[in-house]
Amino acid sequence: MLEMNKLSLNIPDTTKPRVVVIGGGFGGVNLVKYLPEKDFQIVMLSKQNYYGFWPLLYQVATAGLEPESIAEPIRKLFDDRHDFHFRFVRVTDIDPTAKTVNTLIGAIKYDYLVIATGTQSNYFGNKQIEQKSFPLKQLSDAVNLRSQLLQSFEQASMTRDKQIRQGLLNIVIAGAGPTGVELAGSLAEMRQHILPKDYPGLDFREMNIYLVDGLDRVLPPLTPASSKRAHEDLEKLGVNIKLNKLVASYDGEIVTFKDGEQIPTQTLVWAAGVTGATIEGMPAASVERGRYIVNQFNQIAGFEDIFAIGDIAVMKTDKWPKGHPQVAQPALQQGAHLAKNLVRQLRQEAWKPFEYFDKGSLAIVGRARAVADLPGNKSLGGFIAWVAWLFVHIYYLIGFRSKLIVLSNWVYRLFTYERGTRIIIRPLVRHDDKTVVELQSAGK
Ligand SMILES: Cc1cc2nc3c(=O)[nH]c(=O)nc-3n(C[C@H](O)[C@H](O)[C@H](O)COP(=O)(O)OP(=O)(O)OC[C@H]3O[C@@H](n4cnc5c(N)ncnc54)[C@H](O)[C@@H]3O)c2cc1C
């Protein structure tokens, strides 16, 4: 393995203003798309070398899509550019006085800095949950969760001990936002159509899918009508919903709730909250609840040349007093808008304030079951919302290759219910070999 001190960022000098973008997600990538390279040198630093389409991540975790079908390499997205420089590296801190960004392999100076680092899972300080539960934030999480689920079914088929089997077949999803709801619905359909064929020796009436949330309804960002509909649809699919319920601890075997209830499970999925992926070096006064406070030009409070966009930014307006929702559209729109303002700056034109265009919210519960909140306080449900969900997701998937693969997968699945990627890719057992060793030594 090459030592880090043998590497450097290695960015060519330039006479153009240099825009350094931290993060290659929805916001960062859309910003670059709208920034003309004849006017700027663009340097993107990201700790993932790909652009991930997170709304479909749960389908990777439930064996419906291959990981590569929902992601594009960042270098490929911009391979027609000559003054765009991507570096696959984590940013460690920012020095606003020296106008410098520090990374694990060296520093770089900026004229404009755009922070588009999104969010990370929030475990509310519970280290045990952080170590033992399964997050769903990036491709490696989805592949790991898929492997965990399949491995649990494999192990359940190899034991006659009811208690051990129950822990393997119980799945607890903490967080009933869109990720938790979509994951629960997808698992329920898998239980109905796929798993009994794969594991004829198992009785899948023993498989329980629990969806738990500390709030009093599923899909809290959506309207109560959509929440109610999604709740009913999930119950029809056999998902066990527990509301007003907070996870207190998880030791890898048993989830304990604040009210004392316990559920044995080898799989606790953590979709219960996120916090901003802030970077060291910015003044504490510029951060509010894990997000950088920005004005309507996305400038971070106190700076003219440092911007935050997307999930990491909180822009309070009369219409959005707590900031925009942490979803894809504000990130995409802020990225494009900031790029246009930077061009205006070069032309010495006045900047335009950002205004969010709310296109509504969608969540899928299962085949032909979805909910949608549209602008103008209208809600849709059922088949129509499901078709809308399919089209919106195909439309926003980046790249022709991804659109084609995902669409063909969905059409195939529509007629067959089949899910082709039921592959375990990781060392045989999670934290240690405990379960397998126990089963083997017990001769089960
Ligand atoms: C599972 C899941 C499902 C979702 N479903 C939906 C949905 O259905 N609809 C919807 O609208 N939204 C959905 N979202 C939310 C949506 O994906 C986000 O709102 C959107 O990605 C925000 O864009 P962003 O650019 O701010 O951050 P991101 O897209 O998260 O990008 C952040 C980037 O920053 C990089 N980064 C972070 N820290 C560093 C560092 N220190 N150094 C270098 N690079 C760094 C990351 O690697 C990443 O490339 C979902 C999110 C998840 C996780």
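Residues numbered from 1 in each chain as written. Predicted model: local features only at pLDDT ≥ 70, side-chain atom pairs only at ≥ 80, totals over all residues. Heavy atoms only, no water.

For the chain, an unreviewed UniProt entry supplies the name NADH:ubiquinone reductase (non-electrogenic) and the organism Hymenobacter cavernae. Under the heading Sequence similarities (unreviewed entry), UniProt records this for the chain: "Belongs to the NADH dehydrogenase family." (UniProt positions renumbered as here; feature names shortened; annotations may be inferred.)

**What about the overall build of the chain?**
The secondary structure content of the chain amounts to 13 helices and 26 strands. For 444 residues, the compact-globule formula gives about 22 Å, and the C-alpha radius of gyration of the chain, at 23 Å, lands near that figure. Seen along its three principal axes, the alpha-carbon backbone of the chain occupies a region of about 70 × 55 × 45 Å. Across the 444 residues of the chain, 52% fall into the buried class. Residue pairs in contact within the chain that sit at least 24 positions apart in sequence constitute 66% of those at least 6 positions apart. For the chain, the accessible surface area stands at approximately 20900 Å², while carbon and sulfur atoms represent 54% of it. Both charge centroids of the chain, one from 52 positive and one from 45 negative side chains, sit 3 Å from each other. (Helix = DSSP H or I, 4+ residues; strand = E, 2+ residues; numbered from the N terminus. Rg over C-alpha atoms; globule rule 2.2 N^0.38 Å. Buried < 20%, exposed > 50% of the residue type's maximum accessible area, 1.4 Å probe, protein only. Contact = heavy atoms within 4.5 Å. Areas by Shrake-Rupley, 256 points an atom, 1.4 Å probe, with all protein chains shown as cover. Lys, Arg positive; Asp, Glu negative; His and termini not counted. Charge placed at Lys NZ, Arg CZ, Asp CG, Glu CD.)

**Section: the UniProt feature "domain: FAD/NAD(P)-binding" (unreviewed entry) in the chain**
As recorded in UniProt, the sites labelled "domain: FAD/NAD(P)-binding" (unreviewed entry) are residues 18–335. Between the end C-alpha atoms of residues 18–335 there is a gap of 16 Å, over a span that is 29% helix and 27% strand.

**Brief notes about helix α10 (residues 328–346)**
Here α10 contains 19 residues, and its C-alpha end-to-end distance of 28 Å stays within 8% of the 27 Å for a straight helix at 1.5 Å per residue. Along α10, 15 of the 19 residues are buried, which leaves the element largely enclosed by surrounding structure. Gln-348 sits one or two positions beyond α10 and adopts a positive phi of about 55 degrees. (Expected span 1.5 Å × (residues − 1).)

**Remarks on helix α11 (residues 382–396)**
For α11, built from 15 residues, the straight-helix expectation of 21 Å at 1.5 Å per residue is met to within 8% by its first-to-last C-alpha distance of 21 Å. Taken residue by residue, α11 has Gly-382, Ala-385, Trp-386, Trp-389, Leu-390, His-393 and Ile-394 as its buried positions. Relative to the axis of α11, the buried residues are bounded by an arc of 165 degrees and lie together on one face. Across from the buried face of α11, at angles greater than 90 degrees, the exposed residues are Ile-384, Phe-391 and Tyr-395. (Arc of directions from axis to C-beta.)

**Describing the side chain of Thr-119**
Its place among the elements puts Thr-119 in strand β10 (residues 119–121). Here the side chain of Thr-119 touches Lys-137 through a polar contact of 2.7 Å, side chain to side chain. If we ignore the near neighbours within four places in the chain, the residues touching Thr-119 are Lys-137, Val-274, Thr-275, Gly-276, Ala-277, Asp-311 and Gln-326. (Polar contact = N/O pair within 3.5 Å; in protein donor to acceptor, adjacent residues only side chain to side chain.)

**Overview of the site of the ligand**
Taken together, 27 residues sit near the ligand, with Gly-27, Val-91, Asp-311, Val-327 and Ala-328 positioned nearest. With respect to the ligand, the side chain of Gln-48 contributes an N or O atom lying 3.3 Å from an oxygen atom. Its free accessible area being 1000 Å², the ligand has 89% of it covered by the protein chains. For the shell around the ligand, the elements supplying multiple residues, two or more each, are α1 (26–34), β2 (41–46) and α10. (Near = heavy atom within 4 Å.)

**Remarks on the UniProt feature "transmembrane region" (unreviewed entry) in the chain**
Within this structure's numbering, the places UniProt gives as "transmembrane region" (unreviewed entry) are residues 380–398. Within residues 380–398, the helical portion is 79% and the strand portion 11%, while the C-alpha atoms at the span's ends are 26 Å from each other.

**With respect to the sheet that holds strand β20 (residues 287–288)**
Strands sit in the order β20-β21-β23 across an open sheet of 3 strands; the sheet is mixed. Looking at strand neighbours, the two that pair on one side only are β20 and β23 (313–314), the edges of this open sheet. Here strand β21 (residues 291–293) pairs with β23 via 2 bridges, running parallel. Each bridged residue has a counterpart across the sheet, and for Ile-293 the counterpart in β23 is Val-314. (Pairing = 2+ DSSP bridges.)

**Considering the side chain of Thr-265**
If you trace the backbone, Thr-265 turns up in the loop between β17 (262–264) and β18 (267–270). Looking at Thr-265, the relative accessible area reads 0%, which means it is buried. Among the polar contacts made by the side chain of Thr-265, one reaches the main-chain carbonyl oxygen of Asn-170 at a distance of 2.5 Å. Engagement of the side chain of Thr-265 in a polar contact is seen with the backbone nitrogen of Thr-267, the distance being 2.9 Å. Thr-265 has contacts with Gly-167, Asn-170, Ile-171, Val-172, Tyr-250, Gly-252, Glu-253, Ile-254 and Val-255, leaving out every residue within four places of it along the chain.

**Considering the pairing of β2**
Counting buried residues in β2 gives 6 out of 6 residues, a clear majority hidden from the surface. Where burial is concerned, the two faces of β2 agree: the one with Gln-41, Val-43 and Leu-45 and the one with Ile-42, Met-44 and Ser-46 are both buried. Crossover handedness for the path strand β1 (residues 18–22) to α1 to β2: right-handed. Where β2 and strand β5 (residues 84–88) come together, 5 bridges link them in parallel fashion. In the strand pairing of β5, Ile-42 is matched with Phe-84. (Right-handed = clockwise from strand over helix to strand, strands pointing away.)

**Quick look at the environment of Leu-169**
Along the polypeptide, Leu-169 turns up in helix α6 (residues 162–169). Its relative accessible area of 0% is what places Leu-169 among the buried residues. Between the C-alpha atoms of Leu-169 and Ile-209, which are 40 residues apart in sequence, the distance is 8.4 Å. Beyond its immediate chain neighbours, meaning those up to four positions away, Leu-169 contacts Phe-153, Ala-156, Phe-204, Glu-206, Met-207 and Asn-208.

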